[in-house]
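# Remarks on the overall topology
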Amino acid sequence: MILQRLDVPPKPVPMASVFVQKSPLGAHVGVLYRDDAGGAWLLHQAWNRDSRNETFDAFRAGTRGAPLFLVPPGLDVDEQSAVRASAVLAAKLLPEGGLPYAFGSATLDREKGFLLGESCGLSCATLVNVVFQTARVALVDESTWASQRTSKREAEDREAKTRVAAWLNAGDREQALRIGSEPELGRPRLRAEEVAAASSQTTRPLDLCTAEPLGQQVLAEMDSLIAEVSTPALPVEQPLTKDVTVNAGLRTE
């Protein structure tokens, strides 16, 4: 896997792929896809109640030039087409005011939008996973995130959620309490770098034991590429500038 640093939109823009960026929790991830005119759009969960579908330039402005990387897609043409259609649909169905930030999942309904069920919100990683699941492209076998989770990883998951709860506390105490208490606190965390890594593979879905080292490879490659051109990484999964253009020029396929 060789990440491609994106200082300008890729040419040509992939029909559908995944982008990744450094964050305080390791990585931030989203879907990069092509609109009908060939432009690049980025769909991602930036933070709590801050779900975005924005142009490449708007994304770069919002992150103040922090390094952005394209993950080489392991998708065939049909899969890319399905993921693109799913991303366009998800972009159109993003709720006013954004989705709550948490580590759960959802289903995407063309009429009703994002159905969270018992979940209390989505992270950047689980939003990407929802888009791929809607396209019937399975990235990971989520059951193994529980069955193959070590005690070390469980402790890391709890620590990450505790940090997120602390960040949320000032602006959304209710959501902070949900994330920082059981049962949410003890549930496995799907990590952004692992979703990114899974999207680069041609054999899927990945189990945790396969995805975890590949995710570490994604983090290492980002560190190496950032070191080559010294540019500070922005903590992405915190509130970003909201001066963006949303959902322009898109149609549901």
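In what follows, the accompanying structure is described. Predicted model only: the values in this text are computed from it and were never measured. (Residues numbered from 1 in each chain as written. Predicted model: local features only at pLDDT ≥ 70, side-chain atom pairs only at ≥ 80, totals over all residues. Heavy atoms only, no water.)

Further remarks concern the pattern of salt bridges. Going through the model one piece at a time under the given rule, you end up with 18 salt bridges. In this structure, the salt-bridge partner of Arg-60 is Asp-7, at a minimum N-O distance of 3.6 Å. Of the two residues, Arg-60 is situated in helix H1 (residues 56-62) and Asp-7 in the loop between strand S1 (4-5) and strand S2 (16-23); the sequence distance between them amounts to 53 residues. For Glu-194, the salt bridge goes to Arg-153, with nearest N and O atoms at 2.7 Å. In this pair, Glu-194 is assigned in helix H7 (residues 192-199) and Arg-153 in helix H5 (residues 151-169), connecting sequence segments 41 residues apart. (Salt bridge = Lys/Arg side-chain N within 4 Å of Asp/Glu carboxyl O. Helix = DSSP H or I, 4+ residues; strand = E, 2+ residues; numbered from the N terminus.)

The subject of this paragraph is the packing of aromatic side chains. The way to describe two aromatic rings as a pair is by their centre distance and the angle between their planes. Tallied over the entire structure, the rule returns 4 aromatic pairs. Summarising the aromatic geometry, the rings of Trp-47 and Tyr-101 are spaced 5.1 Å apart at their centres and angled 40 degrees between planes, so their arrangement reads as tilted. Taken together, the positions of Trp-47 in strand S4 (residues 40-47) and Tyr-101 in the loop between helix H2 (77-93) and strand S7 (107-109) put the pair 54 residues apart, joining distant regions of the chain. Owing to a relative accessible area of 7%, Trp-47 belongs among the buried residues under this scheme. (Phe/Tyr/Trp six-rings, centres within 6.5 Å; stacked < 30°, edge-to-face > 60°. Buried < 20%, exposed > 50% of the residue type's maximum accessible area, 1.4 Å probe, protein only.)

With antiparallel pairing, 6 strands are arranged side by side in an open sheet as S1-S6-S2-S3-S4-S5. One side of each edge strand has no neighbouring strand; the edge strands of this open sheet are S1 and strand S5 (50-55). Across the sheet, H7 touches S2, strand S3 (26-34) and strand S6 (69-71), and the angle it forms with S3 is around 40 degrees. (Pairing = 2+ DSSP bridges. Contact = heavy atoms within 4.5 Å. Axes fitted to C-alpha atoms, helices over the stretch in contact; angles between N-to-C directions.)

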